[in-house]
Amino acid sequence: MDFSAILPALPGLWEGMLTTLQLMLLGVLGGVLLGTLLAVMRLSHNRLLANLAATYVNYFRSIPLLLVITWFYFAVPFLLRAITGEDTPVGAFTSCVVAFLMFEAAYFCEIVRAGIQSIPKGQMGAAQALGMTHGQCMRLIILPQAFRKMTPLLLQQSIILFQDTSLVYAVGLMDFLNAARSRGDIIGQPHEFLIFAGLVYFTVSFAASLLVKRLQKRLAV
Amino acid sequence: MISIQNVYKWYGDFQVLSNCSTEVSKGEVVVVCGPSGSGKSTLIKCVNALEPFQRGDIVVDGISLADPKTNLPKLRSRVGMVFQHFELFPHLSITENLTIAQIKVLGRGKDEATEKGLALLERVGLKAHAHKYPGQLSGGQQQRVAIARALAMDPVVMLFDEPTSALDPEMVNEVLDVMVQLAQEGMTMMCVTHEMGFARKVADRVIFMDQGQIVEDCAKEAFFGDLSARSERARQFLAKILQH
């Protein structure tokens, strides 16, 4: 084992890590937005909306993420061509972001739904009694309380996504893992680089988990 | 001000309200009492359409609730409601609790809303707590804030749904005092409550409900005066709650 080759490779690995973090961040942000919309739909009295959202969630929770990533890699350019009528070049990065946010939205939806349902019914009644519309009740009263309660779960899910971003190797995107692996292969020291990558993933994820646990304790009081 | 006309309500097969009719005039204070499960809370929640009903109509300040074209949020903004469990918004400070609906629903400016909110807070004796959060106040204090929050909307009528039932006994009076003061100022009020002392003091009429029906609807003096003229069910109820 000779780890000396890792030091000069660090700038390249850092670039990979930036891609990983960008994927995660955009996936989480988009996923939470879409997931919240889905959750509100699932809880609405409109049967059609509720069923649409339920179908979406059940579908995406029943197929592997790797499939979604490869599928969107081919589907996104195709769909854009169908919509705009011209060839729109879409990089692997964009198609992966779309894949992550659509996939994660299904999971975030269930977290947000549980969060909304944990708020006492009387809060909605009180907000309505003050003359707020359903949208105002949700936006001003229910969701702010729900998000506070579910922050630990949302972060936990984000940590899982941090690890799952490594699946983008399937479409050739240079995330952290792919950067480490390819560099190891070129230099001829694949094991050292993979061990190092593992250590980095573990350190980041585990430290983040510990932080979430501390946060959970603080929020629980 | 409020006209309840032959209202029926079912939860599935179960009938909660059956042919309920009554009127509340401007400036009148009406107390609704009855055993639990008699439908009194449901009835009062129908008045601002928090609970839907299937038959009949309720007209509040000339606006029909049964009319599908009625803008319910707008109507509710003119009807104040106080709940058994206060339902202050825990993520907002007391001041924000008092101003959020003024700003977002009535479109008042922040300064105007804050001024109005603080004036009402002073009126319920809690001005010093403006910056706190609901969780830092006692039950009685929270309920007084809830009353101020409803009053901040300049309601034409106030509905109270068992406002003192969730309070420790020593806190009941501070809330009742605020309600008595309101009644004496001429506010139109419909109160679901078991506080018969309150009813005797300020009510104009008392409604007694049982099994989803309005069994008694008469002037306070008649209700508490001549028990022999009351229905069997009302007499049993009164005997139980007035004994101690």
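Note: the structure precedes this text.
Basis of the calculations
Residues numbered from 1 in each chain as written. Chains lettered and ligands numbered in written order. Predicted model: local features only at pLDDT ≥ 70, side-chain atom pairs only at ≥ 80, totals over all residues. Heavy atoms only, no water. Helix = DSSP H or I, 4+ residues; strand = E, 2+ residues; numbered from the N terminus. Buried < 20%, exposed > 50% of the residue type's maximum accessible area, 1.4 Å probe, protein only. Contact = heavy atoms within 4.5 Å. Areas by Shrake-Rupley, 256 points an atom, 1.4 Å probe, with all protein chains shown as cover. Lys, Arg positive; Asp, Glu negative; His and termini not counted. Charge placed at Lys NZ, Arg CZ, Asp CG, Glu CD. Expected span 1.5 Å × (residues − 1). Bend = angle between axes of the 7 residues up to and from the residue. Phe/Tyr/Trp six-rings, centres within 6.5 Å; stacked < 30°, edge-to-face > 60°. Lys NZ or Arg CZ within 6 Å of the ring centre and 35° of its normal. Pairing = 2+ DSSP bridges. Axes fitted to C-alpha atoms, helices over the stretch in contact; angles between N-to-C directions. Buried area = accessible area lost by both parts, 1.4 Å probe. Salt bridge = Lys/Arg side-chain N within 4 Å of Asp/Glu carboxyl O. Polar contact = N/O pair within 3.5 Å; in protein donor to acceptor, adjacent residues only side chain to side chain. Nonpolar A, V, L, I, M, F, W, Y, C, P; charged D, E, K, R; others polar.

A few words now on the overall build of chain A. Each helix and strand in chain A was counted, giving 8 helices and 0 strands. Counting helices and strands in the order they occur from the N terminus, chain A gives α-α-α-α-α-α-α-α. With the principal axes as the frame, chain A shows a C-alpha extent of 70 × 55 × 25 Å. Evaluated residue by residue, chain A yields a buried proportion of 45% over its 221 residues. For chain A, the proportion of contacts with a sequence separation of at least 24, taken over those separated by at least 6, is 75%. In the structure as shown, chain A presents an accessible area of about 11900 Å², 68% of it carried by carbon and sulfur atoms. Charge-centre separation for chain A: the mean point of 15 positive side chains lies 22 Å from the mean point of 10 negative side chains.

What follows concerns unusual backbone geometry. Generally, phi is negative for residues other than glycine and the peptide bonds are trans, each holding for most cases. Residue and element names in this part refer to chain B. Phi is positive for Asp154, which is not a glycine, with a value near 50°. For Asp154, the location among the structural elements is in the loop between helix H5 (139–151) and strand S7 (157–161). Residue Asp154 is classed as partly exposed on the basis of its relative accessible area, which comes to 42%. In this structure, Gln211 takes a positive phi of about 50° despite not being glycine. With respect to the element layout, Gln211 can be found in the loop between strand S9 (205–210) and strand S10 (213–219).

Below, the discussion takes up helix H3 (residues 65–84) of chain A. Every α-helix winds through 3.6 residues per turn, so residues three or four apart in the chain are directed the same way. All names here are of chain A. Under the 1.5 Å per step criterion, the end-to-end length of H3 is 27 Å for 20 residues, consistent within 8% with the ideal 28 Å. Where H3 bends most, the angle comes to about 35°, and this point is Phe72. The inward-facing, buried residues of H3 contact helix H2 (47–61), helix H4 (92–117) and helix H6 (134–164). A positive backbone phi angle near 85° is found at Gly85, which sits one or two residues after H3.

So, about the packing of aromatic side chains. Here the structure, examined in full by the defined rule, presents 11 aromatic pairs over all chains. Between the aromatic rings of Tyr56 of chain A and Phe60 of chain A, the centroid separation amounts to 4.7 Å while the plane-to-plane angle is 40°, which identifies the pairing as tilted. One end of the pair is Tyr56 of chain A and the other is Phe60 of chain A, both in helix H2 and 4 residues apart, which spans about a single turn. For the pair Tyr56 of chain A and Phe60 of chain A, one class covers both residues: buried. The structure contains a cluster of three or more aromatic residues connected by ring pairs, namely Tyr56, Tyr59 and Phe60 of chain A. Geometry around Tyr8 of chain B places Arg55 of chain B over its ring, the cationic atom sitting 4.3 Å from the centre. One cation-aromatic arrangement involves Arg149 of chain B over Phe89 of chain B; the distance from NZ or CZ to the ring centre is 4.5 Å.

Another point: the sheet that holds strand S5 (residues 63–64) of chain B. All names here are of chain B. Reading across from one edge, S2-S1-S4-S5 is the order of the 4 strands in this open sheet, with antiparallel pairing throughout. This sheet does not close on itself; its edge strands, each paired only once, are strand S2 (14–24) and S5. Here strand S4 (residues 55–60) pairs with S5 via 2 bridges, running antiparallel. Counterpart to Val59 in the pairing with S5 is Ser64. Those strands touched by helix H1 (residues 40–47) are strand S1 (2–11), S2 and S4, and its axis lies near 120° from that of S1.

What follows covers the interface of chain B and chain A. When the parts come together, some accessible area is lost, and that loss is often what is quoted as the size of the interface. Taken together, the contacts link 20 residues of chain B with 17 residues of chain A. Around 1600 Å² of area is buried between chain B and chain A when both sides are counted, 68% of it from carbon and sulfur atoms. When the area that chain B buries against chain A is broken down by residue, the three leading residues are Glu87, Phe89 and His91 of chain B, summing to 35%. For the pair chain B and chain A, the interface holds 0 salt bridges. Where chain B touches chain A, the interface holds 4 residue pairs in polar contact (both at pLDDT 80 or more). Breaking the side of chain B that touches chain A down by element, the ones donating at least two residues are helix H2 (72–76), strand S6 (79–82) and helix H3 (94–104) of chain B. No other element matches the 3 residues that H3 of chain B contributes to the side of chain B that touches chain A. When grouped by side-chain class, the residues that make up the side of chain B that touches chain A number 13 nonpolar, 3 polar and 4 charged.

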